[in-house]
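The residues making up each chain are set out below.
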Amino acid sequence: MRLIGLTDLHNRIINFDKLLRYKPDAILISGDFTKCSFAKSANQNDSFEVITEQDTRIIDFLENLNNKIKVFIIPGNWENLDTIQKMNESGLNIDEKLVKFHDTI
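Since the model is a prediction, treat every value here as computed from it, not as a measurement.

**Here's the deal with the sheet that holds strand S5 (residues 70–74)**
Alright, step 1. Strand order across the open sheet formed by 3 strands is S1-S2-S5, with parallel pairing between neighbours. The open sheet has two edge strands with one neighbour each: strand S1 (3–6) and S5. Across this sheet, the average inter-strand angle for adjacent strands is 15°, counted without regard to direction.
Alright, step 2. Bridging between strand S2 (residues 26–30) and S5 involves 5 bridges; their strand directions are parallel. Pairing of Leu28 across the sheet is with Phe72, part of S5.

Structure representation (structure tokens):
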């Protein structure tokens, strides 16, 4: 069985065609789909606040890719509840689930 593991995509749709040349049985992506950036806080000196862009186009892309090859995802520490909901709606989120992927002989 061939598995490809990815993490920290941060809204970058990488060249999945190159990954598919390895003919994986599944792609596992362990979170951080959301793009994040830091901005200086107006409230305190020398402190920063995290700004996240909850762009879920990458989840739509992965849902479409799932038609070609099995994709499993779990949220990372940058995802908010809306993004996790989108992941759940896509059917790709396996966080806190037991998933049977392949029958053994």
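**Notes on the nonpolar core**
Alright, step 1. Formed by 17 residues in total, the largest nonpolar core has its most connected members in Ile27, Ile29, Phe33, Leu62, Val71 and Ile73.
Alright, step 2. Elements that contribute at least two residues to this core include exactly S1, helix H1 (16–20), S2, helix H2 (57–65) and S5.
Alright, step 3. In this view, Ile29 contacts Leu6, Leu9, Leu62, Val71, Phe72, Ile73 and Ile74; residues no more than four positions away in its chain are not counted.

**Side note on the pattern of salt bridges**
When the charged atoms of two side chains with opposite charge come close together, those side chains can pair.
Alright, step 1. This structure, assessed with the given rule, holds 1 salt bridge.
Alright, step 2. Of the charged contacts in the structure, one is a salt bridge between Asp60 and Lys86, with a shortest N-O distance of 2.7 Å. Of the two residues, Asp60 is situated in helix H2 and Lys86 in helix H3 (residues 81–90); the sequence distance between them amounts to 26 residues.
Alright, step 3. With a relative accessible area of 35%, Asp60 lands in the partly exposed category.
Alright, step 4. Since its relative accessible area comes to 22%, Lys86 is described here as partly exposed.

**Brief notes about H3**
Alright, step 1. Looking at H3, one finds that the buried residues are Thr83, Met87 and Ser90. Relative to the axis of H3, the buried residues are bounded by an arc of 60° and lie together on one face. Of the exposed residues in H3, the ones pointing more than 90 degrees away from its buried face are Leu81, Asp82 and Glu89.
Alright, step 2. Put simply, Asn80 is the residue that caps the front of H3, since its side-chain oxygen is 3.1 Å from the backbone nitrogen of Asp82.

**Quick notes on the confidence of the model for the chain**
Alright, step 1. Put simply, the chain has an average pLDDT of 82, and 79% of its residues get 70 or more.
Alright, step 2. In the model of the chain, strand S4 (residues 48–53) stands out as the element of lowest mean pLDDT, 59, in contrast to S5, which has the highest, 94.

Calculation notes
- Residues numbered from 1 in each chain as written.
- Predicted model: local features only at pLDDT ≥ 70, side-chain atom pairs only at ≥ 80, totals over all residues.
- Heavy atoms only, no water.
- Pairing = 2+ DSSP bridges.
- Helix = DSSP H or I, 4+ residues; strand = E, 2+ residues; numbered from the N terminus.
- Axes fitted to C-alpha atoms, helices over the stretch in contact; angles between N-to-C directions.
- Core = buried A, V, L, I, M, F, W, Y, C linked by side-chain atoms within 4.5 Å.
- Buried < 20%, exposed > 50% of the residue type's maximum accessible area, 1.4 Å probe, protein only.
- Contact = heavy atoms within 4.5 Å.
- Salt bridge = Lys/Arg side-chain N within 4 Å of Asp/Glu carboxyl O.
- Arc of directions from axis to C-beta.
- Polar contact = N/O pair within 3.5 Å; in protein donor to acceptor, adjacent residues only side chain to side chain.
- pLDDT = per-residue confidence, 0-100.

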